[in-house]
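Okay, here's what each chain looks like letter by letter:
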There are 2 protein chains.
Amino acid sequence: MASLGHVTPQSLHFAQPLALRSGASLADYTLVYETYGELNAARSNAVLVCHALNASHHVAGSYAGQPRSEGWWDNMIGPGKPLDTDRFFVIGVNNPGSCFGSTGPMHRNPATDRPYGADFPVVTVEDWVEAQARLLDRLGIERLAAVMGGSLGGMQALSWTLQHPERMGHALVIASAPNLSAQNIAFNEVARRAIITDPDFHGGHFYAHGVLPRRGLRVARMIGHITYLSDDSMEQKFGRALRSAELAYSTQEIEFQIESYLRHQGDKFSEYFDANTYLLITRALDYFDPARPFGNDLSAALARATAKFLVVSFTTDWRFSPQRSREIVKALLDNRRDVAYAEIDAPHGHDAFLLDDARYHAIVRAYFERVAREVGA
Amino acid sequence: MASLGHVTPQSLHFAQPLALRSGASLADYTLVYETYGELNAARSNAVLVCHALNASHHVAGSYAGQPRSEGWWDNMIGPGKPLDTDRFFVIGVNNPGSCFGSTGPMHRNPATDRPYGADFPVVTVEDWVEAQARLLDRLGIERLAAVMGGSLGGMQALSWTLQHPERMGHALVIASAPNLSAQNIAFNEVARRAIITDPDFHGGHFYAHGVLPRRGLRVARMIGHITYLSDDSMEQKFGRALRSAELAYSTQEIEFQIESYLRHQGDKFSEYFDANTYLLITRALDYFDPARPFGNDLSAALARATAKFLVVSFTTDWRFSPQRSREIVKALLDNRRDVAYAEIDAPHGHDAFLLDDARYHAIVRAYFERVAREVGA
C-alpha cells in the first residue's frame, strides 16, 4: 500500500482561554496538528485520531528530508489503509501539555514570562477533548464521522461520546479502559516519583537550571516499557539471553539482553521527552473516570453516548486488559447502544494496538467501510 | 496456637574464606542465625528455612522488649504450627550480602579497612547454600530433614537438592521459579537503575559520604511492591479510592490511596534497607538458573536431585506464576522423583506465601507430618 508520503504540520493559535476541569484555565495557547486526505463537500468525512502518552499530531506520513519519520500510526492510516485517506479526512492534533509542539510546560507562561514548568495547569482527558472540539470549530467541521484512539487515545474517543455526542457518528476505542486500575495508577506513581525525586528536576523548573531530569525519565520509561509488552513477548524476544558469553558477575554492568534493551529505551526517551509532560499525561490517565460522577456506575455514565462503537482489545495486554474493554461493552449494551467488539489474540501486549496485525487491521478496515457508507465517503 | 515466645539471634564467625561462583571469595565472615525447638538425639529433625529478598534469620518468635517484632514466617513456624517446633529443630540464617547482621556490604572490607560498599563480592544462590552448609557443619548437623523457602528462599531450597542431595530428605519450594523470566529481570533492573543513578549512591560507597540513596531505594521498593501484590488484591484493597473528598489536581500531591500506600512502603524501606544489599540480592535472583549448564534443560539439571519435594504456587502470583512452579514439577516427574504439588487459589499475589491461608497451611502441615514420621520427629 502507498504511504501518505510527505506531510506537514500546521498550527493554530487560540486567544480565548481554555477553562479546565481543575478550575484553572490555560491562557492563550497553540495547537499543532496535521491533516491527511480531503474534506468532502458535505464536510461529513472527517476522522479525529487521538494520541496517547508518547505520541503526537504526527499520526501518518513522513517529513521531507527526515528518514524514519513515519507517523506513529502510519500502518493504520493512509491511502488504501484501514483508515483510508482516499475516503476520509483525517486529523491528528497534539494535546496541550504535551511536548511535541502544542503549548506545554516548556513554553512561556504569560503570567511569569518564564517557562511554565511545574506551573503548567493540570490537564484532563476532558480538557483535551474541549481543545480538540475548538480546533474542529476553526476547521469548520461541525460533525466527525468518527473519533479513534488507542490506550489514552481511546479514553479521549470515549470521552468525546459523552462531551459532544451530537458532533460524532462513531467511536473506535482500542486497547483502552473506562479508568485506570489501582495497579495502573501505582505504576504511574512510581514513574512520577522517579522524576520528581531526581535532583535535576528542581521542582519542575529545571529549564532555568540548564539541566534535564534524565535519571528520572529513564526509570519512568523503563517501567512504562515493561507494562507495554506482554510477559510472553518479552520472553520470546529476550528471554534470559546474555549480552556476552561470560557472566561479568556485576550488579552494575549489563548481563542480560533485556537490560541492554531497557536501558537503551530509557536513554532514548530521556533525550526527547519532557519531564513535566510525563507528569501531566500520567495524571490525565489517572484522573479519567467518567463513571465517578455517576456513583461508579459506568452504564449510567455512558447513557449520554449516542455514537456507534467499535471496541478492540488484545488478549495479552495486561496494562489495559480485555476485561476492561468488556466493561465498556457491557455498559454500552446496558444502554442498548450499537457496539461491535473484537478481542484480538495477539502476543504483543499493550503495544499490539500500534502493530501491523492482519486480523486487527481487517476489523478496523471493515468498520470504516461501514462508516464510509453512512457518511458517503 | 502458642507463639514461640522470645527468641535470640546467635552468630558464628567463619575464618576460612568462602569461594564464590564468580571466582572471587569472601574473606572471613560472620553468619547470624536463629534456632527454634530442640535437635533430637538422632540429629534427624533439623529444618533449614531460607529467606527471600527482604527478610532475615528472624523467621519466627519475637524479641524481648520489642513489640511487633514477630519473625517473617511466624504464622507458619512455632509450637503446633504447620512447621511444628515441638517436633522439629528449625534454623533460620541470614545470608551473606544481606543487611540484617551477617557480613554484608556495610561491614569492614579487610582489604581496605573501609566498608565493602560496591566492592562486596557478587553472591549467588549457590554461594548462600554453601555458607548455609558450613553453618550446619558447625552446628553438627549432617543431614537436614527438610529445606524450605518461598520465592528466592524456594530457589535456595531447590539449589540445596542439587548441591547437597545427600544432606537432605525433603525440599519445600514455595512461590518460586526455576529462574527469572525476562520480565522479572526487567523489574529488577529498573529498581537497580533507580538506586545506582541516585546521586547519593556514590558508586556504592555512600557510607563514607554520610548519606543514603533513599530516593532510589524508595522507587525500587515501590516497583517491588507492585509486583508482590495481585492486580485484583490491589483493586480490592485500594481501587480508585481518593485520599481526600476533593481532587487536588496536582501531579505531585497524593490523590489516590494507592499512592499514599506505596509512598509509605517506599519511605519505610528506605530507612532500614541497604542499597548495596538490594543490588546484590536482585542479582542473585537474576543469576539463579540451574538449567543453564544443561543447555537450558531443567529435567537434565534436576536429575541430581534425590530429595522428595513439595512445590506450592498461588493462582494470582504473577511474579512467580504457577506456570513456573509447574516447570519444576514437570522436570522432577521427568526424573520420576517424589513430588507433591499444590496450586492454591489465593487472591493475594506473590505475597500469599507469607500470609495465613488455611488451605496452604494445611498442606504444609500435612507434608511436615509425613516428614516427621520419616525422621522420627
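Turning to the interface of chain A and chain B, a few remarks are in order. Interface size, as often reported, equals the accessible area lost upon joining of the parts. On the chain B side, the residues contacting the 57 residues of chain A number 57 residues. Contact between chain A and chain B buries roughly 5,000 Å² in total, counting both sides, with carbon and sulfur atoms accounting for 63%. If you sort the residues of chain A by the area they bury against chain B, Arg-240, Tyr-249 and Thr-251 of chain A come out on top, with a joint share of 16%. At the boundary of chain A and chain B, one finds eight salt bridges.

For the structure shown, the criterion picks out 38 aromatic pairs over all chains. Relative to Phe-120 of chain A, the ring of Tyr-116 of chain A has its centre 4.9 Å away and its plane inclined at 75 degrees; by these criteria the two rings are edge-to-face. By relative accessible area, Phe-120 of chain A is classed as buried at 3%. Here the aromatic rings of Phe-269 of chain B and Phe-273 of chain B are separated by 4.6 Å at their centres, their planes lie at 15 degrees, and the arrangement is stacked. By the burial criterion, Phe-269 of chain B is buried, and Phe-273 of chain B matches it. One aromatic cluster is present, built from ring pairs that chain together Phe-100, Phe-269, Tyr-272, Phe-273 and Tyr-278 of chain A.

The next thing to look at is the side chain of Arg-240 of chain B. Relative to the elements of secondary structure, Arg-240 of chain B occurs in the loop between α5 (231-237) and α6 (257-272). Assessed through its relative accessible area of 12%, Arg-240 of chain B is described here as buried. For Arg-240 of chain B, the side chain forms a polar contact with the main-chain oxygen of Asp-286 of chain A, separated by 2.7 Å. Leaving out residues up to four positions away in the same chain, Arg-240 of chain B has contacts with Asn-179, Leu-180, Ile-185, Asp-286, Tyr-287, Phe-288, Asp-289 and Arg-292 of chain A together with Phe-256 of chain B.

Residue and element names in this part refer to chain A. Taking strand neighbours across the sheet as the criterion, the eight strands line up as β1-β4-β8-β5-β11-β12-β13-β14 in an open arrangement whose pairing is mixed. Edge positions in the sheet fall to β1 (10-14) and β14 (339-344), since each has one partner strand and no second. Taken over all neighbouring pairs, the strand axes of this sheet differ in orientation by 20 degrees on average, direction set aside. The pairing of strand β5 (residues 46-50) with strand β8 (residues 89-93) spans four bridges and is classified as parallel. Counted as the bridge partner of Val-47 is Val-90 from β8. Relative to the sheet, helix α9 (residues 322-334) contacts β12 (168-174), β13 (308-314) and β14, its axis offset from that of β14 by approximately 165 degrees.

Further remarks concern the relation of the copies chain A and chain B. It takes a turn of 180 degrees to lay chain A on chain B, together with a shift of 0.0 Å along the axis; the resulting RMSD is 0.0 Å. In short, the pair behaves as if placed about a two-fold rotation axis. Of all interface residues in chain A, 100% are interface residues in chain B too; the two copies therefore contact each other through one and the same surface.

Chain-level statistics for chain A give a pLDDT mean of 97 and a share of 100% at 70 or above. Here the predicted complex carries an ipTM of 0.95, next to a pTM of 0.97.

On to the pairing of strand β5 (residues 46-50) of chain B, then. All names here are of chain B. Of all five residues making up β5, five are buried, and the element is well covered by its neighbours. Burial along β5 is two-sided: Ala-46, Leu-48 and Cys-50 and Val-47 and Val-49, pointing in opposite directions, are all buried. Taken together, the four bridges between β5 and strand β11 (residues 144-150) define a ladder with parallel strand orientation. For Leu-48, the partnering residue across the bridge sits in β11 and is Val-147.

Let us now look at the pattern of salt bridges. Considering all chains together, one arrives at 42 salt bridges over all chains under this definition. The partner of Lys-330 of chain A in a salt bridge is Asp-334 of chain A, and the shortest N-O contact between them spans 2.8 Å. Linking Lys-330 of chain A with Asp-334 of chain A, this pair stays in helix α9, spanning four residues, or about one helical turn. The class of Asp-334 of chain A is partly exposed, set by a relative accessible area of 41%. In this structure, Arg-215 of chain B and Asp-198 of chain B form a salt bridge, with 2.9 Å as the shortest nitrogen-oxygen distance. Placement of Arg-215 of chain B in helix α4 (residues 214-228) and of Asp-198 of chain B in the loop between α3 (182-196) and α4 is noted, with a sequence separation of 17 residues between them. Given the relative accessible area of 23%, Arg-215 of chain B is considered partly exposed. On the basis of relative accessible area, Asp-198 of chain B is assigned to the buried category, the value being 5%. The network of salt bridges with common partners includes Glu-189, Arg-192, Arg-283 and Asp-286 of chain A together with Glu-259 and Arg-263 of chain B.

It is worth spelling out the sheet that holds strand β14 (residues 339-344) of chain B at this point. All names here are of chain B. As summarised here, the arrangement of the eight strands in space is β1-β4-β8-β5-β11-β12-β13-β14, forming an open sheet in which the pairing is mixed. Looking at strand neighbours, the two that pair on one side only are β1 (10-14) and β14, the edges of this open sheet. The average undirected angle you get between the axes of adjacent strands in this sheet is 20 degrees. Pairing geometry for strand β4 (residues 29-36) and strand β8 (residues 89-93), over four bridges, is antiparallel. When the sheet's bridge partners are listed, Tyr-36 is paired in β8 with Val-90. Taken strand by strand, helix α1 (residues 125-139) contacts β1, β4, β5, β8 and β11, and its axis lies near 105 degrees from that of β1. Across the face of the sheet, helix α9 (residues 322-334) comes into contact with β12 (168-174), β13 (308-314) and β14 while running at roughly 165 degrees to β14.

Cut-offs used in this document
- Residues numbered from 1 in each chain as written.
- Chains lettered and ligands numbered in written order.
- Predicted model: local features only at pLDDT ≥ 70, side-chain atom pairs only at ≥ 80, totals over all residues.
- Heavy atoms only, no water.
- Contact = heavy atoms within 4.5 Å.
- Buried area = accessible area lost by both parts, 1.4 Å probe.
- Salt bridge = Lys/Arg side-chain N within 4 Å of Asp/Glu carboxyl O.
- Phe/Tyr/Trp six-rings, centres within 6.5 Å; stacked < 30°, edge-to-face > 60°.
- Buried < 20%, exposed > 50% of the residue type's maximum accessible area, 1.4 Å probe, protein only.
- Helix = DSSP H or I, 4+ residues; strand = E, 2+ residues; numbered from the N terminus.
- Polar contact = N/O pair within 3.5 Å; in protein donor to acceptor, adjacent residues only side chain to side chain.
- Pairing = 2+ DSSP bridges.
- Axes fitted to C-alpha atoms, helices over the stretch in contact; angles between N-to-C directions.
- Least-squares fit on C-alpha atoms with pLDDT ≥ 70 in both.
- pLDDT = per-residue confidence, 0-100.

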